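Spelled out from the first residue to the last, the chains are:
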Amino acid sequence: MADEPLVLGIETSCDETGVGIVRGTTLLADAVASSVDTHARFGGVVPEIASRAHLEAMVPTIERALKEAGVAARDLDGIAVTAGPGLAGALLVGVSAAKAYAYVLGKPLYGVNHLASHICVDQLEHGPLPEPTMALLVSGGHSSLLLAPDITSDVRPLGATIDDAAGEAFDKVARVLNLGFPGGPVIDRLAREGDPAAIAFPRGLTGSRDAAYDFSFSGLKTSVARWIEAKRAAGEEVPVRDVAASFQEAVVDVLTRKAVRACKDEGVDHLMIGGGVAANSRLRALAEERCERAGIRLRVPRPGLCTDNGAMVAALGAEMVARNRTASDWDLSADSSLPVTEPHVPGITRGSGMTPGHVHADGEGHSQVGDHGHEGRPEHDHDHVHEISKGNLYS
């Protein structure tokens, strides 16, 4: 175990400041500072508030993680950080912190993809990922079916949401029901006391001519809202528990049905489910039921590892180190719409072969960073902002 890479991971894509420390596939520390209570009064995540909260929580959370793991910062083999996708300002806080720590400590820096990290975190609980891995990722910003032959370099999208993500739909339905924010946990809790067959809510994109692996939850959300409005207009009481159960059943029915189909079509005998919505009890139960019936092995991390956390970033960073992947350049930036096809972000290369942890000045006093052999790799446009949050305030 002492020979396995010791990596610290930083996650700031949304409203949680997560710092994890991993040695190989063993989790040593998982410290999280959440600002969700601050955002609750607004009914969704406010990007500027999230960024400020990350700034305030970063150093204390890193110190807490190091203490919990019982390691010194100088003993680390690398620093990993979520480079995207996510809220631009929030990502920049994490990337800046990671660069500062990596520079001062003289450690390699690894910019990693948020979605790929959600897949890799399962290694901390169930051991090395099968290759390829079929993953269903469901959260406030994403609903995706992914095939990953190599989690560090080859992640292929099979399908994704074309409108609202599953977690976003949970938040919006909870808002209509006046259940507060975030909506997922409270709907899950109320649904246990309701009838999932009470109301026949629609299943989006499940027709024979629809995209086999894409998701759509906007129509479902609208259908629920109109049903509730009709009840209220008629002066009738809204059966909140039945609405929650019927809505939740519509979501998890589509998610699990398409995921199992993808496994069969691709000849993959296992399914990994990750992301914040993977903590939903009904999703776990129905996925287990359908996977068992189809002869598919189900892998789902414990709920604490499904939501955004630093452990998942550290897990992918440790895998990068173990497989000798190229470290990121010092000009690594945050990319709010980083595609899942890029699980690793080496950065924009230039300079003369120096590696992260070593900076020299050119003849005019400008610092230069190293070229890690990625000539010809297209530069990312980091100036765009992609609005992605758990419960968009403006929709």
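Preceding this section is the structure that the text describes.
(A) Molecular detail of the pairing of strand 1 (residues 6–11). Along strand 1, six of the six residues are buried, which leaves the element largely enclosed by surrounding structure. The side-chain alternation of strand 1 yields two buried faces, one formed by L6, L8 and I10 and the other by V7, G9 and E11. Sheet topology note: the strand 1/strand 2 (residues 16–23) ladder contains six bridges and is antiparallel. If you follow I10 over to strand 2, its bridge partner there is V19. Linking strand 1 back to strand 2 in an antiparallel pair, the connection comprises four residues. For strand 1 and strand 4 (residues 78–84), the ladder comprises four bridges, and the chain directions are parallel. Within strand 4, the residue paired with G9 across the bridge is A80.

(B) Structural view of the pairing of strand 6 (residues 133–138). For strand 6, the buried fraction is high: six of the six residues fall into the buried class. By the alternation rule, side chains of strand 6 split into T133, A135 and L137 and M134, L136 and V138, which are all buried. Where strand 6 and strand 7 (residues 143–150) come together, six bridges link them in antiparallel fashion. Following the sheet pairing, M134 is matched in strand 7 by L147.

(C) Broad picture of the packing of aromatic side chains. As enumerated under the stated definition, the model contains four aromatic pairs in all. Plain terms: the ring middles of Y103 and W330 are 5.8 Å apart, the flat faces sit at 75° to each other, and that makes the pair edge-to-face. A residue pair is termed long-range when its members are at least 10 positions apart, and Y103 in helix 3 (residues 88–105) and W330 in the loop between helix 12 (310–322) and strand 11 (344–345) qualify at 227 residues. Note on Y103: relative accessible area 47%, which makes it partly exposed. By relative accessible area, W330 is classed as buried at 10%. For the pair F215 and F217, a centre-to-centre distance of 6.2 Å together with 10° between the ring planes defines the contact as stacked. Comparing F215 with F217 shows no difference in burial state: the two are buried.

(D) Structural detail: the environment of V268. Positionally, V268 belongs in the loop between helix 9 (240–266) and strand 9 (270–274). A residue is classified by how much of its surface remains accessible, and V268, at 8% relative accessible area, is buried. With 135 residues separating them in the primary sequence, V268 and T133 have C-alpha atoms 7.6 Å apart. When sequence neighbours within four positions are dropped, the list of residues in contact with V268 reads P132, M134, L147 and C263.

(E) Local environment of the sheet that holds strand 5 (residues 109–113). Across the sheet, six strands lie side by side as 3-2-1-4-5-11; this open sheet has mixed pairing. At either end of the open sheet lies a strand with only one pairing partner, and these are strand 3 (26–34) and strand 11. Pairing of strand 2 with strand 3, which is carried by eight bridges, proceeds in the antiparallel orientation. Within strand 3, the position partnered with R23 by the bridge is T26. Across the sheet, helix 2 (residues 47–69) lies against strand 1, strand 2 and strand 3, angled at about 155° from strand 3, the strand it touches most. Its contacts with the sheet put helix 12 on strand 1, strand 2, strand 3, strand 4, strand 5 and strand 11, and the angle it makes with strand 1 is roughly 135°.

(F) Highlighting the pattern of salt bridges. In the structure shown here, the tally under the stated rule is 19 salt bridges. For R282, the salt bridge goes to E249, with nearest N and O atoms at 2.9 Å. Here E249 lies in helix 9 and R282 lies in helix 10 (residues 281–294), a separation of 33 residues in the sequence. The exposure class of R282 is partly exposed, given its relative accessible area of 26%. The exposure class assigned to E249 is buried, which follows from its relative accessible area of 14%.

(G) Region of interest: the side chain of K107. Looking at the secondary structure, you find K107 in the loop between helix 3 and strand 5. Buried charge without a salt bridge: K107, with D77 as the nearest opposite-charge side chain at an N-O distance of 5.8 Å. A distance of 2.8 Å separates the side chain of K107 from the backbone oxygen of R74, its partner in a polar contact. A polar contact is formed between the side chain of K107 and the backbone oxygen of L76, at a distance of 2.9 Å.

Rules and cut-offs
- Residues numbered from 1 in each chain as written.
- Predicted model: local features only at pLDDT ≥ 70, side-chain atom pairs only at ≥ 80, totals over all residues.
- Heavy atoms only, no water.
- Buried < 20%, exposed > 50% of the residue type's maximum accessible area, 1.4 Å probe, protein only.
- Helix = DSSP H or I, 4+ residues; strand = E, 2+ residues; numbered from the N terminus.
- Pairing = 2+ DSSP bridges.
- Phe/Tyr/Trp six-rings, centres within 6.5 Å; stacked < 30°, edge-to-face > 60°.
- Contact = heavy atoms within 4.5 Å.
- Axes fitted to C-alpha atoms, helices over the stretch in contact; angles between N-to-C directions.
- Salt bridge = Lys/Arg side-chain N within 4 Å of Asp/Glu carboxyl O.
- Lys, Arg positive; Asp, Glu negative; His and termini not counted.
- Polar contact = N/O pair within 3.5 Å; in protein donor to acceptor, adjacent residues only side chain to side chain.

Such coordinate-based values are descriptive only and should not be taken to indicate function.
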